[in-house]
Amino acid sequence: MFDWNRSCAYDEQRKRRFHTTARSRPKKLATELALPQGSFDLRSNKAGIAVSGEITLHHHRAYIQVGQFGLSSGHGILIRTCKGRKDYTGGANHFVALGMLDNIPALAAAVRAITGVGRDSSHSSERRAA
């Protein structure tokens, strides 16, 4: 299991593993939320040597970003609403623990609670919007 709270700054091998591992989780999240193919983008930005960079799942109504930007607080998943895939600022920021990447159903529940996106909340409207 990956230690999400161990910094990957200044450690290229660890950073590469962080991105490889973290990139797979938003894909699983999209499946758990039943997001239709084509309704979201998945991006990875490795950024500079002193930071982890981030992995972003950008749906037309939800913006979810994973990074080690909140290590001291234990938070590293940003969840917020947005109005389209060109909206990079969106609604209010909500943060959850990086460890939720190991519990995709719980992360999906948090995304649904914050954004209203996904199975159990607006699944039928997601299908109509696709």
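Structure first, text after, so check above.
Conventions adopted
- Counting of residues starts from 1 at the beginning of each chain's written sequence and follows it residue by residue.
- Two thresholds apply to this predicted model, a pLDDT of at least 70 for residue-level local features and 80 or more for giving and counting side-chain atom pairs, whereas whole-chain, interface and lining totals are computed over all residues.
- Each side-chain value is derived from all of the structure's non-hydrogen atoms; neither hydrogens nor water enter the calculation.
- Strands are runs of DSSP state E lasting at least 2 residues, helices are runs of H or I lasting at least 4, and numbering of each runs from the N terminus.
- The buried label goes to any residue with under 20% of its type's maximum accessible area, the exposed label to any with over 50%, and the partly exposed label to all in between, with areas taken from a 1.4 Å probe on protein chains only.
- Every accessible area reported is derived by Shrake-Rupley at a probe size of 1.4 Å, with residue values counting cover from the shown protein chains alone.
- Any pair of nitrogen or oxygen atoms within 3.5 Å is treated as a polar contact; in protein, a donor-acceptor pairing is required on top of that, and neighbouring residues in sequence qualify only through side-chain atoms on both sides.
- By definition, residues are in contact when any of their heavy atoms lie within 4.5 Å.
- Salt bridges are defined as contacts in which a side-chain nitrogen from Lys or Arg sits within 4 Å of a carboxyl oxygen from Asp or Glu.
- Working definition of a nonpolar core: buried Ala, Val, Leu, Ile, Met, Phe, Trp, Tyr and Cys residues. They are joined through side-chain atoms within 4.5 Å.
- We call Phe, Tyr and Trp rings a pair once their centres come within 6.5 Å, taking the six-membered ring for Trp, and we label the pair stacked below 30 degrees between planes, edge-to-face above 60, and tilted otherwise.
- Two strands pair under a simple rule: DSSP has to find at least two bridges between them.

Undergrad: Is there a simple way to explain the overall build of the protein in this structure?
TA: Helices and strands together make up the secondary structure of the protein, namely three helices and five strands. Listing the helices and strands of the protein from first to last along the sequence gives α-β-β-β-β-β-α-α. Counting only residues that meet the buried cut, the protein has 43% of its 130 residues in that class. With an accessible surface of roughly 6700 Å², the protein has 50% of that area assigned to carbon and sulfur atoms.

Undergrad: Which parts of the structure should I look at to understand the side chain of Asp87?
TA: Here Asp87 lies in the loop between β4 (75–81) and β5 (94–97). In this structure the side chain of Asp87 is engaged in a polar contact, spanning 2.8 Å, whose partner is the backbone nitrogen of Gly90. Residues within four places of Asp87 in sequence aside, it is in contact with His58, Tyr63 and Cys82.

Undergrad: Looking at this structure, how should I read the pattern of salt bridges?
TA: Pairs can form between side chains of opposite charge whenever their charged atoms are close. For the coordinates displayed, the defined rule picks out four salt bridges. For the salt bridge of Arg43 with Asp41, the shortest nitrogen-to-oxygen distance reads 3.9 Å. Under the relative-accessibility criterion, Arg43 is labelled partly exposed at 29%. Taking the shortest distance from any N to any O, the salt bridge between Arg85 and Asp41 comes out at 3.1 Å. Residue Arg85 is located in the loop between β4 and β5, and its partner Asp41 is located in strand β1 (residues 40–45); the two are separated by 44 residues in the primary sequence. A residue is classified by how much of its surface remains accessible, and Asp41, at 29% relative accessible area, is partly exposed. One connected set of salt bridges, linked through shared partners, spans Asp41, Arg43 and Arg85.

Undergrad: Just checking my understanding: could you explain the nonpolar core for this structure?
TA: Grouped burial of nonpolar side chains is what soluble globular proteins tend to show. The biggest cluster of nonpolar side chains holds 26 residues, and the ones touching the most others in it are Leu29, Ile64, Val66, Ile77, Ile79 and Leu107. Counting only elements with at least two residues in this core, the list comes to α1 (12–32), β2 (54–59), β3 (62–70), β4 and α2 (104–115).

Undergrad: What exactly am I supposed to notice about the packing of aromatic side chains here?
TA: The way to describe two aromatic rings as a pair is by their centre distance and the angle between their planes. Taken as a whole and assessed by the stated rule, the structure comprises four aromatic pairs. Here the aromatic rings of Phe2 and Phe18 are separated by 6.1 Å at their centres, their planes lie at 50 degrees, and the arrangement is tilted. Of this pair, Phe2 sits in the segment before α1 while Phe18 sits in helix α1; the two residues are 16 residues apart in sequence, bridging distant segments of the chain. Taking relative accessible area as the criterion, Phe2 reaches 6% and is therefore assigned buried. When the ring of Trp4 is compared with that of Phe18, the centres are 5.9 Å apart and the planes differ by 75 degrees; the resulting orientation is edge-to-face. A residue pair is termed long-range when its members are at least 10 positions apart, and Trp4 in the segment before α1 and Phe18 in helix α1 qualify at 14 residues. Since its relative accessible area comes to 3%, Trp4 is described here as buried. According to the relative accessible area criterion, Phe18 is buried, its value standing at 0%. Taken together through their ring pairs, the aromatic side chains of Phe2, Trp4 and Phe18 make up a single cluster.

Undergrad: Got a minute to help me understand the pairing of β4 in this structure?
TA: For a regular strand, the rule is simple: side chains alternate between the two faces of the sheet. Counting buried positions along β4 gives five out of seven residues, so the element sits mostly inside the fold. Here four bridges tie β4 to β5, and the two strands are oriented antiparallel to one another. What sits directly across from Ile79, in β5, is His94.

Functional significance is not addressed by these values, which are geometric in nature.
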